[in-house]
Amino acid sequence: MIDGFLNILKPPAMSSHDVIAALRRILGVKRIGHAGTLDPAAAGVLPVAVGKATRLLEYLPEDKAYRAEVRLGIATDSGDATGQIIARQENIALPSAEVLQNVLREFVGTIKQKPPAKSAVKIDGRRAYKLTRKTGNSESIAIPVREVKISAIVLSAIGNGGFVMDVACGKGTYIRSLVTDIGEKLGTPAVLNFLVRTLSGGFSLSRAITLDEVAAAKDDGETAKIMIEPSAALSHIPRFNLPPTRAKAFADGMSTTVRKSLPPTVMVFSDGKFLGIGRFDAEQGAVCPVKTFDGR
């Protein structure tokens, strides 16, 4: 079995879970997981881990980027085009680029955001969308407001009843909620008409591959060529080279004393081989195994 990451281009109308199920069938591997759920109606980058790489998903970069198409004059109960219309404003005039840019600028930074009722956010251990489905009333679901980080919002186009924006943000940001809040600032209902995730887990849209391409690689015996090595996917983490005599000790969960200060989290190598993730214990002056990965 090949262990590593895949940069999958999720198509619209498939849930993230559907993509994982399809990959399990294609690759004949059960141990597959993903980072950063993408709404079924959205498309774009879905980071996927295969085999032992599933243990490393939490170490992928958390920054994300999206291209969002916003329609003004309509609001839905889900915040996107798949929901039921709950508000409509006829014959609205599109705001100018200057007005839009000023409003968008207000959402850059650390902001407070309420996730949509129809979302995968957990409330007392249960998914919000399941609670909404059970009660039949999204307004009865008490979803707590939380802080999210928006690094940048760039206005890309205006027209066709709305506008297009590019958003760079941190973990846990809901673009649907962002669109709703932007509409409130503009004084008009707003809905996310379409969403493409262009960056996630350090993987970019330009290098994403489709499920058909994965299937073709599997049929041609070239799965290894499309797989991203764990050390490449985690290249943002500093490297530490462990003496060969301590490689087995690391794999067995034993710490190794070092004579220099290291970052708190390191990728551990020995003789060029990726061994896993280590934690530097400053008090002990040692590198301690956190997640081992022998690549076999």
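All of these numbers come straight from a predicted model, not from anything done at the bench. (Residues numbered from 1 in each chain as written. Predicted model: local features only at pLDDT ≥ 70, side-chain atom pairs only at ≥ 80, totals over all residues. Heavy atoms only, no water.)

**Section: the pattern of salt bridges**
A complete count under the given rule lists nine salt bridges for this structure. Residue Lys-112 pairs with Glu-147 through a salt bridge whose shortest N-O separation is 3.6 Å. Residue Lys-112 is found in strand β7 (residues 109-113), and its partner Glu-147 is found in strand β10 (residues 146-159); the two are separated by 35 residues along the sequence. Residue Lys-112 shares its accessibility class with Glu-147, and that shared class is exposed. A salt bridge links Lys-225 to Glu-222; the shortest N-O distance between them is 3.4 Å. Owing to a relative accessible area of 33%, Glu-222 belongs among the partly exposed residues under this scheme. (Salt bridge = Lys/Arg side-chain N within 4 Å of Asp/Glu carboxyl O. Helix = DSSP H or I, 4+ residues; strand = E, 2+ residues; numbered from the N terminus. Buried < 20%, exposed > 50% of the residue type's maximum accessible area, 1.4 Å probe, protein only.)

**Section: helix α2 (residues 97-105)**
Counting along an α-helix, one turn takes 3.6 residues, and residues three or four places apart therefore face a common direction. Turning to α2, its buried residues are Leu-100, Val-103 and Leu-104. Here the buried residues of α2 occupy an arc of 100° about the axis, which is enough to place them on one side. When the buried face of α2 is taken as reference, the exposed residues oriented beyond 90 degrees from it are Glu-98 and Arg-105. (Arc of directions from axis to C-beta.)

**Things to note about the side chain of Thr-223**
Mapped onto the elements, Thr-223 comes out in helix α6 (residues 223-226). Excluding residues that lie within four positions of it along the chain, Thr-223 makes contacts with Ile-2, Leu-27, Ala-217 and Lys-218. (Contact = heavy atoms within 4.5 Å.)

**Looking at the nonpolar core**
Counting residues in each nonpolar core, the largest one holds 26 residues, and the members touching the most others are Ile-153, Phe-163, Met-165, Val-167, Ile-175, Leu-178 and Ile-182. In contact with Met-165, not counting residues within four places along its chain, are Tyr-66, Arg-67, Ala-68, Val-70, Leu-104, Ile-153, Val-154, Ser-156, Leu-178, Val-179 and Ile-182. (Core = buried A, V, L, I, M, F, W, Y, C linked by side-chain atoms within 4.5 Å.)

**Considering the environment of Asp-77**
Examined against the element boundaries, Asp-77 turns out to sit in the loop between β5 (74-76) and β6 (85-88). Under the relative-accessibility criterion, Asp-77 is labelled partly exposed at 22%. On a C-alpha basis, the gap between Asp-77 and Arg-25 in space is 34 Å, while along the polypeptide they are 52 residues apart.

**What to know about helix α1 (residues 16-27)**
Between its terminal C-alpha atoms α1 stretches 17 Å, which fits the 16 Å expected from 12 residues at 1.5 Å a residue. Inspection of α1 places Ser-16, Val-19, Ile-20, Ala-22, Leu-23 and Leu-27 among the buried residues, and these make up the whole buried set. Projected down its long axis, α1 carries its buried residues within an arc of 160°, all on one side. Turned more than 90 degrees away from the buried face of α1, the exposed residues are His-17 and Arg-25. Packed against the buried residues of α1 are β1 (4-10), β2 (32-34), β3 (43-50), α5 (211-219) and α6. (Expected span 1.5 Å × (residues − 1).)

**Quick look at the packing of aromatic side chains**
Per the counting criterion, the structure on display carries three aromatic pairs. Ring geometry for Phe-5 and Phe-203: centres 6.3 Å apart, planes at 65°, overall edge-to-face. Of this pair, Phe-5 sits in strand β1 while Phe-203 sits in strand β13 (residues 203-204), and the two are 198 residues apart along the sequence. For Phe-5, a relative accessible area of 0% translates into the label buried. In this structure Phe-203 comes out as buried when scored by relative accessible area, which is 6%. Their ring planes at 55° and their centres at 5.6 Å tell us that Phe-269 and Phe-274 sit as a pair that is tilted. Grouped by ring-pair contacts, the aromatic residues Phe-269, Phe-274 and Phe-293 constitute a single cluster. If you follow Arg-239 out to its NZ or CZ, it ends over the ring of Phe-269, 3.6 Å from the centre. (Phe/Tyr/Trp six-rings, centres within 6.5 Å; stacked < 30°, edge-to-face > 60°. Lys NZ or Arg CZ within 6 Å of the ring centre and 35° of its normal.)

**Digging into the packing of α1 against α5**
Taken N-terminus to C-terminus, the directions of α1 and α5 make an angle of 15°; their axes are 10 Å apart at the nearest point. In terms of orientation, α1 and α5 fall into the roughly parallel class. Crossing of α1 against α5: the hand is right-handed. Residues Val-19, Ala-22, Leu-23, Ile-26 and Leu-27 of α1 touch α5, and the partners they reach there are Leu-211, Val-214, Ala-215 and Lys-218. (Axes fitted to C-alpha atoms, helices over the stretch in contact; angles between N-to-C directions. Parallel < 35°, antiparallel > 145°, perpendicular 65-115°, else oblique. Left-handed = near helix turned anticlockwise from the far one by under 90°.)

**Quick look at the sheet that holds strand β18 (residues 286-292)**
Strands sit in the order β14-β16-β17-β18-β15 across an open sheet of five strands; the sheet is mixed. Each having just a single partner strand, β14 (239-241) and β15 (256-257) make up the two edges of the open sheet. Note that β14 and strand β16 (residues 265-270) share three bridges and pair parallel. Looking at β16, one finds that Phe-240 is bridged to Val-268. (Pairing = 2+ DSSP bridges.)

**Quick notes on unusual backbone geometry**
Phi is positive for Asn-91, close to 50°, though the residue is something other than glycine. Residue Asn-91 is classed as exposed on the basis of its relative accessible area, which comes to 79%. Backbone geometry at Asn-160 places phi at a positive 55°, although glycine is not the residue there. You can see Asn-160 is positioned in the loop between β10 and β11 (162-169).

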